[in-house]
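Listed below are the residues making up each chain.
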Amino acid sequence: MIRTRRTGRGRAHRGSRAVATAGAAVAVLALTAVTAGCEPQAAGSTPAAPSPAPTSGSPTDDAKPGADGPGTPTPSASTPPKPTPTPSATAPAAPDPQGKVLMASGAQGKQVRELQARLRQIGHFNRTPTGYYGTVTVTAVQSFQGKRGLSRTGKADTLTWQKLLGMTHEPTAAELNPPTTRPVAKPDKRCMTGRVICISKNSRSLSWMIDGKVLSSMDVRFGSQYTPTREGTFSVYWKSRHHVSTLYDSPMPYAMFFSGGQAVHYSSDFAARGYNGASHGCVNVRDEGKIASLYAQVRNGDKVVVYN
């Protein structure tokens, strides 16, 4: 058996190799540490977006609290957005340049009748004054306003009324309440005695007669072919000054009932539309002043004659 003698040189040689190996490992670790923050990208690829930096509750130097970027304020939970200003509900409305409205659609009375009579004097109202402010009156007022360079509202305001007063004279009694425009038919023989409301379908007129004498006359309108006004001799059995139809829910002022639900009464629709419409069987009167006078004179039991 041959012995091999270990020498210090052999150990030194192995130690040198160990040191070299360790040095190489340290160099690799150092290179890895340097390149860890720069991940290699494939050609044509898009670099990954950097992770957002953590934020703190305090603002940075170039942004306001809660801002998306420098100088761009946004609403936050602790700072509510300012409300958009809106016009005040209590702000006063601008005054109408034509002044206060004195009369408008639906109005009725003596002043409306005067308005109509004055408009008729200068050719803007071609009907008998009725005292009711309906569609015909609205159109007449618009016509007058348009001729005078005013806003065509159809309402009789202060300026419109003053201009109308300056162009017309005070209406006479005949202008305010002119006689019926339709010729009165020869009375039926049944109308010649007693107190009678004598109604002619042919002439579309009503005459109030006592003992054969005509005291007043007025235009009337009747029911349509589907709801005709009954003909014959009747008597007034009930008067209702402010009556409203329970069947049609329509007003029937100065109603004088003579046959079931049929009555002689004032009709604002007749005053506004004339013979373009019809009643549901009643005898419509379009002159409120005349029907009011008739209503005051007629008594329950007075005769009513309706004929062709």
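Provided above is the structure to which this section pertains.
Rules used in this analysis
- Residues numbered from 1 in each chain as written.
- Predicted model: local features only at pLDDT ≥ 70, side-chain atom pairs only at ≥ 80, totals over all residues.
- Heavy atoms only, no water.
- Pairing = 2+ DSSP bridges.
- Helix = DSSP H or I, 4+ residues; strand = E, 2+ residues; numbered from the N terminus.
- Salt bridge = Lys/Arg side-chain N within 4 Å of Asp/Glu carboxyl O.
- Buried < 20%, exposed > 50% of the residue type's maximum accessible area, 1.4 Å probe, protein only.
- Expected span 1.5 Å × (residues − 1).
- Contact = heavy atoms within 4.5 Å.
- Axes fitted to C-alpha atoms, helices over the stretch in contact; angles between N-to-C directions.
- Parallel < 35°, antiparallel > 145°, perpendicular 65-115°, else oblique.
- Nonpolar A, V, L, I, M, F, W, Y, C, P; charged D, E, K, R; others polar.

Remarks on the pairing of strand 5 (residues 213–221)
Regular strands place their side chains on alternate faces of the sheet. As defined by bridge partners, strand 4 (residues 205–210) adjoins strand 5 across six bridges and the pair is classed as antiparallel. Looking at strand 5, one finds that Trp208 is bridged to Ser216. Hairpin remark: strand 4 followed by strand 5, antiparallel, with two residues in the connecting loop; positive phi at Asp211, about 55 degrees.

Digging into the pattern of salt bridges
When charged atoms on two side chains of opposite charge get close, those side chains can pair. Tallying each qualifying case throughout the model produces seven salt bridges. Among the ionic pairs, Arg113 bridges to Asp287, the shortest N-O distance being 3.5 Å. In this pair, Arg113 sits in helix 2 (residues 110–121) while Asp287 sits in the loop between strand 10 (283–285) and helix 7 (288–297), placing the two residues 174 residues apart along the sequence. Take Arg113 and Asp287: they sit in the same class, and that class is buried. Lys201 serves as the salt-bridge partner of Glu231, at 3.3 Å between the closest nitrogen and oxygen. A residue pair is termed long-range when its members are at least 10 positions apart, and Glu231 in the loop between strand 5 and strand 6 (232–235) and Lys201 in the loop between strand 3 (195–200) and strand 4 qualify at 30 residues. Among the residues examined, Lys201 registers a relative accessible area of 19% and is labelled buried.

Topic: the side chain of Thr130
On the secondary structure map, Thr130 appears in the loop between helix 2 and helix 3 (135–147). We classify Thr130 as buried; its relative accessible area is 4%.

Quick look at helix 3
Taking 1.5 Å as the rise per residue, helix 3 with 13 residues should run 18 Å; its terminal C-alpha atoms sit 19 Å apart, in good agreement. Among all positions of helix 3, only Val136, Thr137, Val138, Ala140, Val141, Phe144 and Gln145 are buried. Summarising the contacts, the buried residues of helix 3 are in contact with helix 2, strand 2 (156–157), helix 4 (158–167) and helix 6 (268–273). One or two steps after helix 3, the chain reaches Gly149, where phi turns positive at roughly 75 degrees.

Observations regarding the packing of helix 3 against helix 4
Two elements in contact, helix 3 and helix 4, have axes separated by 11 Å at closest approach and are oriented at 80 degrees. The angle between helix 3 and helix 4 falls in the class roughly perpendicular. Seen from helix 3, the contacting residues are Val141, Phe144 and Gln145; seen from helix 4, they are Thr160, Lys163, Leu164 and Met167. When its residues are assigned to classes, the contact of helix 3 with helix 4 shows four nonpolar, two polar and one charged.

As far as function goes, none of this settles anything; it's purely spatial.
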